[in-house]
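# Close look at the chain arrangement
If you want the building blocks of each chain, they are given just below.
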Amino acid sequence: MTTVASAVADSSTMVRRELRHTSRNPGQLILAMLVPLIMLLLFNYAFGGAIGTGGVKYINYVVPGIVLMAVSYAAQGTAIAVNTDMTEGIIDRFKTMAIARPSVLFGHVIGSTLRSLLGIAIVVIVALAIGFRPSANVLEWLAAIGLIALTLFAVAWLATAFGLIAKNPAGASSMTLPLALLPFLSGAFAPTDAMPGWLRAFAANQPMTQIIETLRALLLGGPMGNHAWLSVIWCCGIAAVGAAWAASVFTRQTAVQ
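Keep in mind that this is a model prediction, so the values were computed, not measured.

### What to know about the environment of Ser72
For Ser72, the location among the structural elements is in helix α3 (residues 58-87). Given the relative accessible area of 2%, Ser72 is considered buried. In the structure, Ser72 is positioned 104 residues away from Thr176 in sequence and 7.9 Å away in space, judged by C-alpha atoms. In this structure Ser72 touches Leu179, Ala180, Pro183 and Met208, once residues within four positions along its chain are discounted. Of note is the side chain of Ser72, whose polar atom sits 2.9 Å from the backbone oxygen of Leu179.

This is the structure we're talking about:
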């Protein structure tokens, strides 16, 4: 077996390991969905009538933001899982085995992406049940799913780096807090035009807003402008930085002494 084929096989094994952990501990998936679901219900029923969205039904307006919130909260589980592997000795066991070391990281990232896609699908199903009515065709749905998967992949790499550098699981969880706050500082729940000028400049240009506006254009119709390619650039940049950071830290921490 070639080196590349061996690395792919090892990565597949690590992905199965991550998904098996999820099946045995579904609480991780439930917790990742719980806050977005609560926020969906809260914003739709408590605040939706008081927020102007330019004629767009509020449930339609808010769902893309809730999806990005679910992406942010999924990072917490990834960071904790990576840190647990590093602090509880499983990586030391892997070092004694004939496996491609990067496969451990790929397993966490891809496993997290797949697990989080399932959680977001459940969130969207609940949204459909309470009135979300997208107008997207099949190709637009596929494009939206692809963008969500790319965002999850990028955020998972960043969360993996956080998990590697944290001293313990609690520290790993705390490091993902800025990601959980970003949707609130974006156009997720209200148009950025209503924000003060200093905040509007940040909110309108940060990656979460670009991705949310792209999802709105895909799912609800309307102009997409520059949001699509800016979203892809942001996701690719975050994934590259996170992967390089995680690989550097992981290589140092697993170096043979």
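Next comes the rest of the account.
### A word on the packing of aromatic side chains
Under the defined criterion, the tally for this structure stands at six aromatic pairs. Where Phe106 meets Trp157, the ring centres are 5.5 Å apart and the plane angle is 85 degrees; that geometry is what we call edge-to-face. Remark: Trp157 occurs in helix α6 (residues 138-165) and Phe106 occurs in helix α5 (residues 102-129); sequence separation between them is 51 residues. Each ring, one from Phe184 and one from Phe189, has its centre 5.4 Å from the other, and the planes form 40 degrees; the classification is tilted. Overall, Phe184 belongs to the partly exposed group, its relative accessible area being 35%. Of the aromatic side chains, those joined through ring pairs into one cluster are Phe43, Phe184 and Phe189. The ring of Tyr61 is capped by Arg216, whose NZ or CZ atom sits 3.6 Å from the centre of that ring.

### What about the pattern of salt bridges?
Under the criterion given, the structure shown has one salt bridge. For the salt bridge of Arg216 with Glu213, the shortest nitrogen-to-oxygen distance reads 3.0 Å. With a gap of three residues between them, Arg216 and Glu213 both fall in helix α10 (residues 207-220), about one helical turn apart. What makes Glu213 partly exposed here is its relative accessible area of 25%.

### Quick look at the packing of helix α9 (residues 197-205) against α10
At their nearest, the axes of α9 and α10 sit 4 Å apart, and the two run at 60 degrees to each other. If you check the angle between α9 and α10, you find them oblique. On the side of α9, the interface is formed by Ala203, Ala204 and Asn205, while α10 contributes Pro207, Thr209 and Gln210. Partitioning the contact of α9 with α10 into residue classes produces three nonpolar, three polar and no charged.

### A look at the side chain of Gln206
Summarising the element assignment, Gln206 is placed in the loop between α9 and α10. Ignoring sequence-local partners within four residues, the contact set of Gln206 consists of Leu182, Leu185 and Ser186.

Criteria and thresholds
- Residues numbered from 1 in each chain as written.
- Predicted model: local features only at pLDDT ≥ 70, side-chain atom pairs only at ≥ 80, totals over all residues.
- Heavy atoms only, no water.
- Helix = DSSP H or I, 4+ residues; strand = E, 2+ residues; numbered from the N terminus.
- Buried < 20%, exposed > 50% of the residue type's maximum accessible area, 1.4 Å probe, protein only.
- Contact = heavy atoms within 4.5 Å.
- Polar contact = N/O pair within 3.5 Å; in protein donor to acceptor, adjacent residues only side chain to side chain.
- Phe/Tyr/Trp six-rings, centres within 6.5 Å; stacked < 30°, edge-to-face > 60°.
- Lys NZ or Arg CZ within 6 Å of the ring centre and 35° of its normal.
- Salt bridge = Lys/Arg side-chain N within 4 Å of Asp/Glu carboxyl O.
- Axes fitted to C-alpha atoms, helices over the stretch in contact; angles between N-to-C directions.
- Parallel < 35°, antiparallel > 145°, perpendicular 65-115°, else oblique.
- Nonpolar A, V, L, I, M, F, W, Y, C, P; charged D, E, K, R; others polar.

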